[in-house]
Amino acid sequence: MRTSGIYVALVALIALFGVLTGGASLGPGNITNIVLQYSYILILAIGMVIVIIAGHIDLSVGSVVALTGAVSAVVVIKYGQPWWVGVIAALVTGLLIGAWHGYWVAYVGIPAFIVTLAGMLLFRGLTLVALNNVSLSPFPAEYGQIASGFLNGLLGGAGYDVFTLVIFAVAVAGYAFSQYRTRKALISYNQLVPSFPLFIAKIVVVAIAVMTFAWQLATARGMPIVLIMLAILILAYSVVMQRSVFGRQVYAIGGNVVAAALSGVKVRTVNFWIFVNMGLLSALAGIVFSSRSNGAQPGAGNMFELDAIAAAFIGGAAVTGGVGKVAGAMAGGLIMAVMSNGMQLMGIDQSVQSVIKGLVLLLAVAFDIYNKRRAGSR
């Protein structure tokens, strides 16, 4: 229930809003808009779930999004540099901010909550200074392609984009092969696995869901460039967290930092790089958001940290650390995105939307605590 319930909830939520909006939420144009509008939150959620798995929290990511977007805007718009120079400047800024946070948390020993709370105030102030309290726009067309560009017509197609369908079909084939290898490995170690018909049914359901999503994109504007970027990040970080030494060390620190240290894990070094990574992903989200907005604003990124934290917790990350997956955080982020988009289409007041989101987050954490207590009582 813990591992698969979140995906069942996501599908149920999509179906619910499909009915409540008369099918408007399932239209090709709206599906594409969800990808474009919430991509930066999903990027932040990837980094945030790693931070939370390690037992930390980062409250500064919204301010870092604003500052890195501002740095890019100043370099490109104010000083007339090429768009890619602005991208590099934003990424370097994010890395430096991550190193700043990592130093105070890992080597000085100040709790991440305090360090990033200070960072939230500090970097918001630097954003105001960088922009001189005014917005900067517009970016060159090339910069706008980062968040709003599409790959369409590369392989042709009459009324739909064949390239998009091919990419998703390859992804489904890769998923099926990966699941088959995992099942085979479990069997070789005499582990319990679902029956073969149930295994096939799962693959078929996933394939239908993914290809339906692909068809909606293909019949709209094709493959969003930002979706390709997001897919690469999800695959890369899933591999890092599940199959690398660094990923195992992050889980070990979050599960029991003392035991991890006694086992030879360099806790300070790992914590440092966790926050460097969060700074890098925050900068990438800042680039995507400023590209989407076609400019930089002093108030950019407001409350983004809460959306990223909510995505991680709804996706199964544990409050106490040591538990969570990148895929789960993505599902949690998509739940928040589908909820927000569906309620907007229904014309629900913003205040009511905030109440519902808060209740969903609260219930997700309560479910996590309930599971822990039930497991402890056995």
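Residues numbered from 1 in each chain as written. Predicted model: local features only at pLDDT ≥ 70, side-chain atom pairs only at ≥ 80, totals over all residues. Heavy atoms only, no water.

## Re the overall build of the protein chain
What the protein chain contains, in helices and strands, is 15 helices and 2 strands. Taken over C-alpha atoms, the radius of gyration comes to 21 Å for the protein chain, in line with the 21 Å a tight globule of 378 residues would show. Here the C-alpha coordinates of the protein chain stretch approximately 60 × 60 × 40 Å along the principal axes. Of all 378 residues assigned to the protein chain, the portion counted as buried reaches 46%. In the protein chain, 79% of the contacts between residues at least 6 apart in sequence involve partners at least 24 apart. Roughly 18200 Å² of accessible area belongs to the protein chain as shown, and the carbon and sulfur atoms make up 70% of that amount. (Helix = DSSP H or I, 4+ residues; strand = E, 2+ residues; numbered from the N terminus. Rg over C-alpha atoms; globule rule 2.2 N^0.38 Å. Buried < 20%, exposed > 50% of the residue type's maximum accessible area, 1.4 Å probe, protein only. Contact = heavy atoms within 4.5 Å. Areas by Shrake-Rupley, 256 points an atom, 1.4 Å probe, with all protein chains shown as cover.)

## Looking at the nonpolar core
Counting 80 residues, the largest nonpolar core has Ile43, Leu44, Ile46, Val49, Val250 and Ile274 as the members making the most contacts within it. The element that contributes the greatest number of residues to this core is helix H2 (residues 28–53), accounting for 16 residues. Once residues within four sequence positions are removed from consideration, Ile274 is found in contact with Ile50, Val51, Ala54, Phe246 and Val250. (Core = buried A, V, L, I, M, F, W, Y, C linked by side-chain atoms within 4.5 Å.)

## Notes on a nonpolar patch on the surface
Side chains of Trp83, Trp84, Ile88, Val92 and Leu96 sit close together on the surface and give an oily, nonpolar patch of about 500 Å² of accessible area. Structurally, Trp83 can be placed in helix H4 (residues 83–108). On the basis of relative accessibility, which here comes to 33%, the residue Trp83 falls in the partly exposed class. (Patch = residues over 30% accessible without salt bridge, like charges linked within 9 Å, V, L, I, M, F, W, Y side chains within 5 Å. Salt bridge = Lys/Arg side-chain N within 4 Å of Asp/Glu carboxyl O.)

## Structural notes on unusual backbone geometry
Look at the link from Ser137 to Pro138: it is a cis peptide, with omega at -5°. With respect to the helices and strands, Pro138 occurs in the loop between helix H5 (112–131) and helix H6 (141–148). One non-glycine residue with positive phi stands out, namely Asn132, at about 55°. Note that Asn132 resides in the loop between H5 and H6.

## Description of the side chain of Arg124
Within the secondary structure, Arg124 is located in helix H5. Buried and without a salt bridge, Arg124 has Glu305 as its closest oppositely charged side chain, separated by 5.8 Å. If we skip the residues at most four places from it in the chain, Arg124 touches Gly62, Ser63, Ala66, Gly119, Pro298, Gly299, Ala300, Gly301 and Asn302. (Lys, Arg positive; Asp, Glu negative; His and termini not counted.)

## Here we look at the environment of Thr32
Within the element layout of this structure, Thr32 appears in helix H2. Assessed through its relative accessible area of 1%, Thr32 is described here as buried. Separated by 40 residues in sequence, Thr32 and Ser72 place their C-alpha atoms 26 Å apart. Sequence-distant contacts of Thr32, that is, excluding residues within four places in its chain, are made with Phe150, Leu217, Ala220 and Arg221.

## Some thoughts on the packing of H2 against helix H13 (residues 304–314)
Their axes nearest at 8 Å, the elements H2 and H13 cross at an angle of 65°. Along this stretch, H2 crosses H13, giving a crossing that reads as right-handed. Side by side, H2 and H13 meet where Tyr40, Ile41, Leu44, Ala45, Met48, Val49 and Ile52 of the first sit next to Phe304, Glu305, Asp307, Ala308, Ile309, Ala311, Ala312 and Phe313 of the second. For the contact of H2 with H13, a count of residues per class yields 13 nonpolar, no polar and 2 charged. (Axes fitted to C-alpha atoms, helices over the stretch in contact; angles between N-to-C directions. Left-handed = near helix turned anticlockwise from the far one by under 90°. Nonpolar A, V, L, I, M, F, W, Y, C, P; charged D, E, K, R; others polar.)

## With respect to H4
The end-to-end C-alpha distance of H4 is 37 Å, a good match for the 38 Å that 26 residues give at a rise of 1.5 Å each. Within the sequence span of H4, burial applies to Gly86, Val87, Ala90, Thr93, Gly94, Ile97, Gly98, His101, Gly102, Val105 and Ala106. (Expected span 1.5 Å × (residues − 1).)

## Details of the environment of Ile348
One can find Ile348 in the loop between helix H14 (326–345) and helix H15 (350–376). C-alpha separation for the pair Ile348 and Val240, spaced 108 residues apart in sequence, amounts to 40 Å. Excluding residues within four positions of it along the chain, Ile348 makes contact with Met343 and Gln353.

## A few points about the packing of H4 against helix H12 (residues 267–293)
H12 packs onto H4 with a crossing angle of 150° between their chain directions and a minimal axis gap of 7 Å. With respect to each other, H4 and H12 are oriented roughly antiparallel. Pair H4 / H12 crosses with right-handed handedness. When its residues are assigned to classes, the contact of H4 with H12 shows 16 nonpolar, 7 polar and 1 charged. (Parallel < 35°, antiparallel > 145°, perpendicular 65-115°, else oblique.)

## Some words on H2
Relative to the 38 Å expected for 26 residues at 1.5 Å per residue, H2 spans 35 Å between its end C-alpha atoms, a close match to the ideal helical length. Of all 26 residues in H2, 22 are buried; the element is thus mostly enclosed. Residue Gly55 follows H2 closely and has a positive phi angle near 90°.

Everything listed here is a matter of coordinates, which is why it stays silent on function.
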